[in-house]
Amino acid sequence: MATDIKDTVHAVDAAAVMGLLATRPRVLALGEPTHGEDALLDVRNELFRQLVEEEGYRTIAIESDCLAALLVDAYVTSGVGRLDEVMERGFSHGLGDSAANRELVGWMRAFNEGRPAPEQLRFAGIDGPLEWTGAASPRQALTALHDYLAPHVDADLLPCTAHTLDRLLGADDRWTEPAAMTDPARSTGRSAESGELRLLADDLVALFDAHTPHLITATSREEWERVRLYGRTAVGLLRYHYWMAGTSPGRMARLTGLRDLMMADNLLALAERGPTLVHAHNSHLQRERSSMRMDGRLLHWWSAGSIASARLGERYAFFATALGTIRHRGVDSPRPGTLEGLLYALPDDVCVVDSPGLGAALAGTLAAPRASAWFGYFPFDPDHLAATDGLVFIKDIPQGRAAST
């Protein structure tokens with residue numbers, strides 16, 4: 001049995017990853033089982049560098065605010081801004097504090113220096129402008145969409161003026177009220193103004209879509225793609241705020257699913273641009289239905305990856321990441337008989353495993369799935385092996401920094 005397992009193990013590099021796939025994917029998804037560990041991002045960064053140099057990949061996307069990420073993309077493509085400012089304002093969820101993310105941005109900027117636009121690397125966020133404490137105002141997205149359309153379509157076709165949008169949006173703190181996440185009554189998502197904004201956002205996006213041929217010619221495909229992002233973000237945010245104000249028992253499951261739907265829409269748009277490496281939590285990228293326990297309730301939702309996979313078919317590939325220890329978080333050596341325990345016994349510090357081959361080798365032999373000693377780490381569910389294209393395993397996550405590749 002050990003020999004069979006070893007036959008499924010390879011070094012983590014672009015050649016090995018591509019060798020596990022029947023075709024070159026449009027979206028190559030690399031998941032992680034926890035956030036905030038640069039050792040995981042070091043593996044991601046090295047794989048992206050190899051995909052760029054050996055496979056022609058030109059876009060990386062991460063689990064960060066899609067609108068804020070436009071600042072990072074402008075920096076890596078054109079040198080706009082200062083690196084410190086870009087790291088502070090271009091990331092959400094505290095990701096700008098990561099040394100590995102800073103190194104990625106710096107490397108991308110250096111790679112792009114002097115290259116023509118079609119050969120440049122691009123950076124994107126797939127998450128909406130959302131945090132666990134709430135959601136952003138739709139002001140930025142809605143006003144950007146309206147401002148783009150106003151000079152390029154007949155005024156009679158616009159559903160409202162910029163002044164009307166501003167009046168309906170009101171103060172931004174109405175939208176960003178932190179208490180709204182736990183108290184629906186504090187949300188503005190079902191106010192009369194919000195309801196009118198949802199209709200206007202729908203009309204503005206429809207107008208944008210209907211005038212696509214003219215808009216691309218009058219501006220550029222690049223600008224059109226950016227405003228398309230604003231449009232879907234405005235619609236997604238207003239929909240999210242609406243459900244934040246809801247009181248049904250399915251409220252949190254609905255919000256979780258809407259967040260992943262926004263991620264999926266962003267992923268599918270990036271897939272149209274070209275081959276993309278996306279890095280996010282396993283639960284956002286897996287093909288199987290995702291679940292999480294919150295406030296005693298088990299939530300189920302379809303992840304961004306499951307939606308993208310259903311749409312893209314074999315053009316979507318998913319490599320989950322599993323790990324052995326995070327000792328500084330209280331996650332010690334995995335118990336023998338678990339999937340992580342068997343992989344931990346291998347000599348490799350970092351490897352990628354042929355998931356279908358591993359599943360066949362271990363059929364009926366695994367003990368119960370690993371339990372997590374820390375709420376921030378989600379062990380890999382061995383029942384998902386057949387629904388992954390590969391499994392990256394990192395033996396030990398050191399406090400502070402890198403795993404070797």
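Attention in this report is confined to the structure presented alongside it. (Residues numbered from 1 in each chain as written. Predicted model: local features only at pLDDT ≥ 70, side-chain atom pairs only at ≥ 80, totals over all residues. Heavy atoms only, no water.)

Examining the overall build of the protein chain
Piece 1. Tallying secondary structure elements over the protein chain gives 16 helices and 12 strands in all.
Piece 2. Its C-alpha radius of gyration of 22 Å places the protein chain within 12% of the 22 Å reference for a compact globule of 405 residues.
Piece 3. Seen through its C-alpha atoms, the protein chain measures out along the principal axes to roughly 70 × 55 × 40 Å.
Piece 4. Of all 405 residues assigned to the protein chain, the portion counted as buried reaches 53%.
Piece 5. Taking as baseline every contact in the protein chain between residues at least 6 positions apart, the subset at least 24 positions apart corresponds to 77%.
Piece 6. If you sum the accessible surface of the protein chain, you get close to 17200 Å²; carbon and sulfur atoms cover 51% of it.
Piece 7. When the 39 basic and 54 acidic side-chain charges of the protein chain are each reduced to a single mean position, those positions are 2 Å apart. (Helix = DSSP H or I, 4+ residues; strand = E, 2+ residues; numbered from the N terminus. Rg over C-alpha atoms; globule rule 2.2 N^0.38 Å. Buried < 20%, exposed > 50% of the residue type's maximum accessible area, 1.4 Å probe, protein only. Contact = heavy atoms within 4.5 Å. Areas by Shrake-Rupley, 256 points an atom, 1.4 Å probe, with all protein chains shown as cover. Lys, Arg positive; Asp, Glu negative; His and termini not counted. Charge placed at Lys NZ, Arg CZ, Asp CG, Glu CD.)

Points about the packing of helix 4 (residues 69-78) against helix 6 (residues 99-112)
Piece 1. It is the contact of helix 4 with helix 6, at a shortest axis distance of 7 Å, that shows an interaxial angle of 40 degrees. Looking at the two axes, helix 4 sits oblique to helix 6. Residues Val72, Tyr75, Val76, Thr77 and Ser78 of helix 4 lie in contact with helix 6, whose contacting residues are Val105, Met108, Arg109 and Asn112.
Piece 2. In terms of residue class, the contact of helix 4 with helix 6 is built from 5 nonpolar, 3 polar and 1 charged. (Axes fitted to C-alpha atoms, helices over the stretch in contact; angles between N-to-C directions. Parallel < 35°, antiparallel > 145°, perpendicular 65-115°, else oblique. Nonpolar A, V, L, I, M, F, W, Y, C, P; charged D, E, K, R; others polar.)

Section: unusual backbone geometry
Negative phi values dominate among residues other than glycine, just as trans dominates among peptide bonds.
Piece 1. Positive phi, normally seen in glycine, also occurs at His93, with a value near 60 degrees.
Piece 2. Looking at where His93 falls in the secondary structure, it is placed in the loop between helix 5 (83-89) and helix 6.

What about the sheet that holds strand 10 (residues 316-325)?
Piece 1. Pairing in this open sheet of 8 strands is mixed, and the strands run 1-11-12-10-2-7-3-4 from one edge to the other. In this open sheet, the two strands that pair with only one neighbour each are strand 1 (9-10) and strand 4 (122-127).
Piece 2. Here 6 bridges tie strand 10 to strand 12 (residues 390-396), and the two strands are oriented parallel to one another. Across the sheet, the residue bridging to Thr321 is Val392, located in strand 12.
Piece 3. Sheet strands touched by helix 12 (residues 251-273): strand 2 (27-32), strand 3 (59-65), strand 4 and strand 7 (276-281). Its angle to strand 4, the strand with the most contacts, is close to 155 degrees. (Pairing = 2+ DSSP bridges.)

Describing helix 4
Piece 1. All buried positions along helix 4 are accounted for by Ala69, Val72, Asp73, Tyr75, Val76 and Thr77.
Piece 2. Among the structural elements, strand 3, helix 5, helix 6 and strand 4 are those in contact with the buried residues of helix 4.

Considerations on the pattern of salt bridges
Piece 1. In total, this model carries 15 salt bridges according to the counting rule given.
Piece 2. Here Asp166 makes a salt bridge to Arg139, at a shortest N to O gap of 2.7 Å. Taken together, the positions of Asp166 in helix 8 (residues 162-169) and Arg139 in helix 7 (residues 139-149) put the pair 27 residues apart, joining distant regions of the chain.
Piece 3. Between Arg287 and Asp389 there is a salt bridge, with the nearest N and O atoms lying 2.9 Å from each other. Of this pair, Arg287 sits in the loop between helix 13 (282-285) and strand 8 (290-294) while Asp389 sits in the loop between helix 16 (355-362) and strand 12, placing them 102 residues apart in sequence.
Piece 4. Its relative accessible area of 22% is what places Arg287 among the partly exposed residues.
Piece 5. Each of Glu63, Asp127 and Arg259 takes part in one network of salt bridges that share partners. (Salt bridge = Lys/Arg side-chain N within 4 Å of Asp/Glu carboxyl O.)

Remarks on the environment of Arg289
Piece 1. By secondary structure assignment, the location of Arg289 is in the loop between helix 13 and strand 8.
Piece 2. Classification of Arg289 as partly exposed rests on a relative accessible area of 44%.
Piece 3. Considering only alpha carbons, one finds Arg289 and Arg82, 207 residues apart in sequence, at a separation of 40 Å.
Piece 4. Not counting residues within four places of it along the chain, the set of residues in contact with Arg289 comprises His300, Trp301 and Trp302.

Describing the packing of aromatic side chains
Piece 1. The tally for this structure, following the rule as stated, stands at 7 aromatic pairs.
Piece 2. Where Phe91 meets Phe123, the ring centres are 5.6 Å apart and the plane angle is 65 degrees; that geometry is what we call edge-to-face. In this pair, Phe91 sits in the loop between helix 5 and helix 6 while Phe123 sits in strand 4, placing the two residues 32 residues apart along the sequence. With respect to class, Phe91 is no different from Phe123; both count as buried.
Piece 3. Ring geometry for Tyr242 versus Trp243: centroids 5.9 Å apart, planes at 80 degrees, classification edge-to-face. (Phe/Tyr/Trp six-rings, centres within 6.5 Å; stacked < 30°, edge-to-face > 60°.)

A closer look at helix 6
Piece 1. The end-to-end C-alpha separation of helix 6 is 20 Å, in line with the 20 Å expected for 14 residues at 1.5 Å each.
Piece 2. Taken as a whole, helix 6 has its buried residues at Ala100, Asn101, Leu104, Val105, Trp107, Met108, Arg109, Phe111 and Asn112.
Piece 3. On its buried face, helix 6 sits against helix 3 (38-55), strand 3, helix 4, helix 5 and strand 4.
Piece 4. The opening residue of helix 6 is Ser98, an N-cap whose side-chain oxygen sits 3.2 Å from the backbone nitrogen of Ala100.
Piece 5. At the C-terminal side of helix 6, Gly114 shows a positive phi close to 80 degrees. (Expected span 1.5 Å × (residues − 1). Polar contact = N/O pair within 3.5 Å; in protein donor to acceptor, adjacent residues only side chain to side chain.)

Describing the nonpolar core
In a soluble, globular protein the nonpolar side chains are often hidden away together inside.
Piece 1. Ranked by internal contacts, the top residues of the largest apolar core, which has 45 residues, are Leu28, Phe48, Leu51, Met108, Phe123 and Phe319.
Piece 2. No other element matches the 7 residues that helix 3 contributes to this core.
Piece 3. With near-sequence residues (within four places) excluded, Phe48 lies in contact with Thr59, Ile60, Leu104, Trp107, Met108, Leu121 and Leu277.
Piece 4. Of all hydrophobic cores here, the second largest spans 35 residues; its members include Val9, Ala61, Ala308 and Phe380. (Core = buried A, V, L, I, M, F, W, Y, C linked by side-chain atoms within 4.5 Å.)

Description of the pairing of strand 12
Piece 1. Taken across its 7 residues, strand 12 has 6 buried, putting it largely inside the fold.
Piece 2. Pairing analysis gives 4 bridges linking strand 11 (residues 350-353) to strand 12, with the strands arranged antiparallel. Residue Val353 lies in a different strand from strand 12, and its bridge partner there is Leu391.

Considerations on the packing of helix 7 against helix 9 (residues 192-210)
Piece 1. Helix 9 packs onto helix 7 with a crossing angle of 40 degrees between their chain directions and a minimal axis gap of 11 Å. Regarding the angle of helix 7 to helix 9, the classification is oblique. The handedness of the crossing between helix 7 and helix 9 comes out as left-handed. Together, Leu142, Leu145, His146, Tyr148 and Leu149 of helix 7 and Leu197, Ala201, Leu204, Val205, Leu207 and Phe208 of helix 9 make up the contact between the two elements. (Left-handed = near helix turned anticlockwise from the far one by under 90°.)

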